[in-house]
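Structural features, examined
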Amino acid sequence: MNLKPKSDPTGPRRVLVCEDEPVVALDLKFLVEGFGYEVIGPYGSVEQALEAIDAVRPDSAVLDVRLRDGEVFPVADKLKDLGIGMVFHSGHAYEEEICANYPGSACCQKPIVTWRLEEELKRMTTEPHPV
């Protein structure tokens, strides 16, 4: 795997956004950028997100559970292997199951509570995550 490092390590932290609903995806993108992060995506499919991770390593991720081509868990597995923190953003999330499979992750139900997402992203980019 050849992950492209950040060109400026002091620049904004990168957040991968996976969301297949265009309006929600755009809203998340603007929201996360407003928190001061660089957004990778948004991506509406598992395939696109996996390709993005191969090209550019994110610092954290916001993941909708259900994407166009299936559930996001292959992306989450790859992020977990890389030690990258995740916030699951979904109306379909099973919080106990997700937290058991992805220790240190967070679940934010739709519709998103802005301050909670910001708080969780801040935690994801400052705390180490289990690999």
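Residues numbered from 1 in each chain as written. Predicted model: local features only at pLDDT ≥ 70, side-chain atom pairs only at ≥ 80, totals over all residues. Heavy atoms only, no water.

**Points about the environment of Gly-104**
The condition is simple: Secondary structure follows DSSP: runs of H or I at least 4 residues long count as helices, runs of E at least 2 residues long count as strands, and numbering of each begins at the N terminus.
In this structure, Gly-104 sits in the loop between α4 (95-101) and β7 (106-109). Considering only alpha carbons, one finds Gly-104 and Val-87, 17 residues apart in sequence, at a separation of 9.3 Å.

**Regarding the state of the cysteines**
To keep it simple, the criterion reads: For the purposes of this analysis, a disulfide is any pair of cysteine sulfur atoms at a distance within 2.5 Å. Categorising residues by exposure relies on relative accessible area from a 1.4 Å probe, with only protein chains included: less than 20% of the type maximum marks a residue as buried, more than 50% marks it as exposed, and the intermediate range marks it as partly exposed.
Overall, the coordinates contain 0 disulfides when judged by the stated rule. Not part of a disulfide, Cys-99 finds its nearest cysteine sulfur in Cys-107, a span of 4.6 Å. Since its relative accessible area comes to 30%, Cys-99 is described here as partly exposed. Among the cysteines around Cys-108, which has no disulfide bond, Cys-107 carries the closest sulfur, lying 7.7 Å off. For Cys-108, a relative accessible area of 3% puts it in the buried group.

**Thoughts on the sheet that holds strand β1 (residues 14-18)**
Put simply, the test is: A strand pair is defined by DSSP finding two or more bridges across the two strands. A fitted line through C-alpha atoms represents every axis, and for helices the fit uses only the stretch in contact; the resulting angles, taken between N-to-C directions, go from 0 to 180 degrees. Any two residues whose heavy atoms approach within 4.5 Å are treated as being in contact.
Strand order in the open sheet made by the 5 strands is β2-β1-β3-β6-β7, with parallel pairing throughout. At either end of the open sheet lies a strand with only one pairing partner, and these are β2 (38-43) and β7. The average undirected angle you get between the axes of adjacent strands in this sheet is 20 degrees. Inspection of the sheet shows β1 paired to strand β3 (residues 60-63) by 4 bridges, in the parallel sense. Paired with Val-15 across the strands is Ser-60, a residue of β3. Set on the sheet, helix α5 (residues 114-126) makes contact with β1, β3, β6 (85-90) and β7; between it and β7 the angle comes to about 165 degrees.

**Side note on α5**
Worth spelling out the cut-off: Expected span of a helix: the number of residues minus one, times 1.5 Å. Arc definition: directions from the helix axis to the C-beta atoms.
The first and last C-alpha atoms of α5 sit 19 Å apart over 13 residues, in line with the 18 Å expected at 1.5 Å per residue. Every buried residue of α5 is listed here: Leu-117, Glu-120, Leu-121, Met-124 and Thr-125. Taken down its axis, α5 places every buried residue within 130 degrees of arc, on the same side. Set apart from the buried face of α5 by more than 90 degrees, the exposed residues are Trp-115 and Thr-126.

**Considering the pairing of β6**
In summary, the side chains of a regular strand alternate between the two faces of the sheet. Most of β6 is tucked away, with 6 of its 6 residues classed as buried. Every second residue of β6 is oriented toward a common face, with Gly-85, Val-87 and His-89 on one face and Met-86, Phe-88 and Ser-90 on the other, all of them buried. Here β3 pairs with β6 via 4 bridges, running parallel. Looking across to β6, one finds that Val-62 is bridged to Val-87. Of the pairings in the sheet, the one linking β6 to β7 comprises 4 bridges and is parallel in character. Bridged to His-89 within β7 is Cys-108.

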